[in-house]
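Chain residues, written in single-letter form:
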Amino acid sequence: MSVALPGAAFAPAQPRFDARWRLHAALLTGTWAVLLLLFRRDVADLAAIYWTNTTFGHCLFIAPVIAWLVWQRRAGLALVDPAAWWPGLALVGAGGFGWLLGDAAGVALFRHAGLVLMLQGAAVTLLGPNVARALLFPLAYMAFLVPFGDFLEAPLQAATVAMVMPLLHLFGVPASVDGVLIAIPNGLFEVAEACSGAKFVIAMAAFGVLVANVCYVSWRRRAAFLAMALVVPVLANGLRAFGTIYAAWWTSVEQATGMDHIVYGWVFFAIVMAAVLAIGWKWFDRDPDAAWFDPLALQTPVRRRIDAPVAALLVLAVASVFPGWSSLIAARATPLAATAELPQVPGWHRIGPATPAWSPNFPGADRFLAARYADAQGRTVDLVVAAYASQREGRELVGFGIGAIRENDRWVRVADLPPYRGGHALRMTGPGRVERVTVTWYRIGDTLTGSEKRVKLETLKTRLLGGNQAGAAVLLSAGQGADGHAEAAIVDFLDALGPVEALADTISGAR
């Protein structure tokens, strides 16, 4: 396509896309539709997360924003020649392999990111490098279709507590803190994951990146605006939490939390967005009428071209390899042994099932055994073992809301404790301020660990490289009681029980 019109500022009032453009656009649309159908489980998963998880509700707006960004560039795009480009298949392959890693390890983030990368790779393959450069920001912005950032919840909980406590003391409120629990004379407040401000930081990251691109040219100003967009929500959330507790100090917990639920959410987020924009408005340096790119600079002859219909078929062929690979991995799993029972433990006797007040959550476990043991001193310990022949979506050893505490549980994590013989220990509180200490071990292959990240890594290794795919979680839990000796009871029970890995292997049939 030849271009004889000068200047990056050229913007025809009625951009016209030729037949070649319409062919490539139609092929890309069809290829995307087939990819979404091929990975429909992940598409449904993403839709459910967008619609039901308030942390990622902003993702509902990402696709319309991307469409708007492309629409803004339509005048220049009509002047850039699309060309199917086979090196773009490398992105499709990288996305497919990332999806496979996520599927094998049970990490939804990798699967979702892999799907988005495959969609991006399809666009680069079918439209070519020149068009990809013209659409660089909209294509890159697709990364925000991936729900990520929930790892920020724990550090932001700690940051919120660290801001709230000095403010309460400064304003004369007698307050004490225990982990994520803040107590004042007339109430107890939990700085829960939902109150950490993570949802606003994650949403503001997407918003800040968009504004930085649309309203700024200078990279320094872009970086400064994005930093402010991330810091302001954290500070604002700390003030909101302080305000809620301070209001409860003067009124009541019910009145304060009722008002907090009204203010909290999109109203609060809208106020924060307006504040960030108001602060950054003065330094906007991009002309609203400026061209998004220079079409004249994107007329480089494209090497390694292929026919567009062939490119579309190759994209789908590359992407389809990975679901097939996943099916082969799943076929290698072997079922658990027919029966298994919890052991008799010297010095301890079983007194029935585990306490009904607390039960860990392991959805889809092939085997779930739980019992309560007592010793001669009257101390009690709950033993729970959950075993899986193989892990997949909905049947995982670790994940959000899986393990000692469920999603939206009556039990609340107060604080993590030092590891107990390699297991992850935590202190939690439930209805009536009852406290428990729970220790969790995971057994994958020859590895015994309390680390959820290590579980994902070992699961990935056994599924991709071969080996027994069975996995098990072993939990020991004891009520804290007035004597506060839950840890001692767990240690003594563990000494009598013997190696945790032997128990896990017996229940899962791995040995």
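Residues numbered from 1 in each chain as written. Predicted model: local features only at pLDDT ≥ 70, side-chain atom pairs only at ≥ 80, totals over all residues. Heavy atoms only, no water.

## Quick look at the overall build of the protein chain
And then number 1: Within the protein chain, the regular secondary structure consists of 17 helices and 11 strands.
And then number 2: Here the C-alpha coordinates of the protein chain stretch approximately 95 × 60 × 30 Å along the principal axes.
And then number 3: For the protein chain, the proportion of its 511 residues judged to be buried stands at 48%.
And then number 4: Long-range contacts, defined here as pairs at least 24 residues apart, represent 74% of the contacts in the protein chain between residues at least 6 apart.
And then number 5: Looking at the protein chain, you have 40 positive and 36 negative side-chain charges, and the mean spots of the two groups are 8 Å apart. (Helix = DSSP H or I, 4+ residues; strand = E, 2+ residues; numbered from the N terminus. Buried < 20%, exposed > 50% of the residue type's maximum accessible area, 1.4 Å probe, protein only. Contact = heavy atoms within 4.5 Å. Lys, Arg positive; Asp, Glu negative; His and termini not counted. Charge placed at Lys NZ, Arg CZ, Asp CG, Glu CD.)

## Topic: the pattern of salt bridges
Oppositely charged side chains can pair when the atoms bearing their charge come close.
And then number 1: Enumeration over the complete set of coordinates arrives at 16 salt bridges.
And then number 2: Ionic pairing is found between Asp42 and Arg111, a salt bridge with its closest N-O pair at 2.6 Å. With a gap of 69 residues between them, Asp42 in helix H2 (residues 40-52) and Arg111 in helix H6 (residues 108-127) connect regions that are remote in the sequence.
And then number 3: A relative accessible area of 1% means that Asp42 is categorised as buried.
And then number 4: Classification of Arg111 as buried rests on a relative accessible area of 1%.
And then number 5: Here Asp366 and Arg395 are joined by a salt bridge, their closest N and O atoms 2.8 Å apart. Taken together, the residues span a long stretch of sequence, with Asp366 in the loop between strand E4 (348-352) and strand E5 (367-375) and Arg395 in the loop between strand E6 (380-388) and strand E7 (412-420) at a distance of 29 residues.
And then number 6: Here Arg395 falls in the buried class, since its relative accessible area comes to 16%. (Salt bridge = Lys/Arg side-chain N within 4 Å of Asp/Glu carboxyl O.)

## Here we look at the sheet that holds strand E2 (residues 181-184)
And then number 1: Spatially, E1-E2-E3 is the arrangement adopted by the three strands of the open sheet, whose pairing is antiparallel. With one partner strand each, in any of the chains shown, strand E1 (176-178) and strand E3 (187-190) form the two edges of the open sheet. Each neighbouring strand pair of the sheet contributes to a mean axis angle of 25 degrees, computed without reference to strand direction.
And then number 2: With four bridges joining them, E2 and E3 adopt antiparallel strand pairing. Bridge pairing in E3 links Ala183 to Leu188.
And then number 3: In the packing of helix H11 (residues 219-250) onto the sheet, contacts are made with E2 and E3, and the angle to E2 comes to roughly 25 degrees. (Pairing = 2+ DSSP bridges. Axes fitted to C-alpha atoms, helices over the stretch in contact; angles between N-to-C directions.)

## Focus on the side chain of Arg395
And then number 1: Of note is the side chain of Arg395, whose polar atom sits 2.7 Å from the backbone oxygen of Gly364.
And then number 2: Within the structure, the side chain of Arg395 is placed 2.8 Å from the side chain of Asp366, a separation counted as a polar contact.
And then number 3: Setting aside chain neighbours within four positions, we find Arg395 in contact with Pro363, Gly364, Asp366, Tyr388 and Ser390. (Polar contact = N/O pair within 3.5 Å; in protein donor to acceptor, adjacent residues only side chain to side chain.)

## Section: the nonpolar core
And then number 1: Of all hydrophobic cores here, the largest spans 70 residues; its most connected members are Tyr141 and Val276.
And then number 2: For this core, the leading source of residues is helix H10 (residues 198-215), giving 11 residues.
And then number 3: The residues contacting Tyr141, other than those within four sequence positions of it, are Ile62, Val65, Ile66, Leu69, Ala206, Phe207, Val209 and Leu210. (Core = buried A, V, L, I, M, F, W, Y, C linked by side-chain atoms within 4.5 Å.)

## Quick look at the packing of helix H9 (residues 153-170) against H11
And then number 1: Two numbers describe how H9 lies on H11: the axes approach to 9 Å, and their chain directions differ by 50 degrees. As judged from the angle between their axes, H9 and H11 are oblique. Considering how the two elements wind past one another, H9 and H11 form a crossing that is right-handed. Judged by residue contacts, Leu156, Thr160, Met163, Val164, Leu167 and Leu168 of H9 engage Val234, Leu235, Asn237, Gly238, Leu239, Ala241, Phe242, Ile245 and Tyr246 from H11.
And then number 2: Split into classes, the residues belonging to the contact of H9 with H11 amount to 12 nonpolar, three polar and no charged. (Parallel < 35°, antiparallel > 145°, perpendicular 65-115°, else oblique. Left-handed = near helix turned anticlockwise from the far one by under 90°. Nonpolar A, V, L, I, M, F, W, Y, C, P; charged D, E, K, R; others polar.)

## A look at the confidence of the model for the protein chain
And then number 1: In this model, the protein chain carries a mean pLDDT of 86, and residues with pLDDT of at least 70 account for 92%.
And then number 2: Confidence drops under pLDDT 50 across residues 1-12; counting only partners more than four residues distant or on other chains, this segment forms 21 contacts. (pLDDT = per-residue confidence, 0-100.)

## What to know about unusual backbone geometry
And then number 1: Non-glycine residue Arg304 carries a positive phi angle of around 60 degrees.
And then number 2: Note that Arg304 resides in the loop between helix H13 (266-280) and helix H14 (308-331).
And then number 3: With a relative accessible area of 51%, Arg304 lands in the exposed category.
And then number 4: Of note, the phi angle at Arg421 is positive, near 50 degrees, even though the residue is not glycine.
And then number 5: By secondary structure assignment, the location of Arg421 is in the loop between E7 and strand E8 (423-429).

## Quick notes on the packing of aromatic side chains
And then number 1: Summed over the entire model, instances satisfying the criterion amount to 14 aromatic pairs.
And then number 2: With centroids separated by 5.2 Å and ring planes inclined at 85 degrees, the aromatic side chains of Trp348 and Phe493 adopt a geometry described as edge-to-face. Placement of Trp348 in strand E4 and of Phe493 in helix H16 (residues 486-497) is noted, with a sequence separation of 145 residues between them. Considered together, Trp348 and Phe493 belong to a single accessibility category, that of buried residues.
And then number 3: One aromatic cluster in this structure is built from Phe137, Tyr141, Phe144 and Phe148. (Phe/Tyr/Trp six-rings, centres within 6.5 Å; stacked < 30°, edge-to-face > 60°.)

## Considering H11
And then number 1: In this model H11 runs 47 Å from its N-terminal to its C-terminal C-alpha over 32 residues, within 8% of the 46 Å that 1.5 Å per residue would give.
And then number 2: One side-chain oxygen of the residue at the start of H11 lies 3.3 Å from the amide nitrogen of Arg220, identifying that residue as Ser218. (Expected span 1.5 Å × (residues − 1).)

## A look at H6
And then number 1: Look at H6: 29 Å from first C-alpha to last across 20 residues, which is about the 28 Å you get at 1.5 Å a residue.
And then number 2: The buried fraction of H6 amounts to 15 of the 20 residues, a majority that puts the element mostly inside the structure.

## Here's the deal with the environment of Ala486
And then number 1: Tracing the backbone through its elements, the reader meets Ala486 in helix H16.
And then number 2: Expressed as a C-alpha distance, the spacing of Ala486 and Thr380, which sit 106 residues apart in the sequence, is 8.9 Å.

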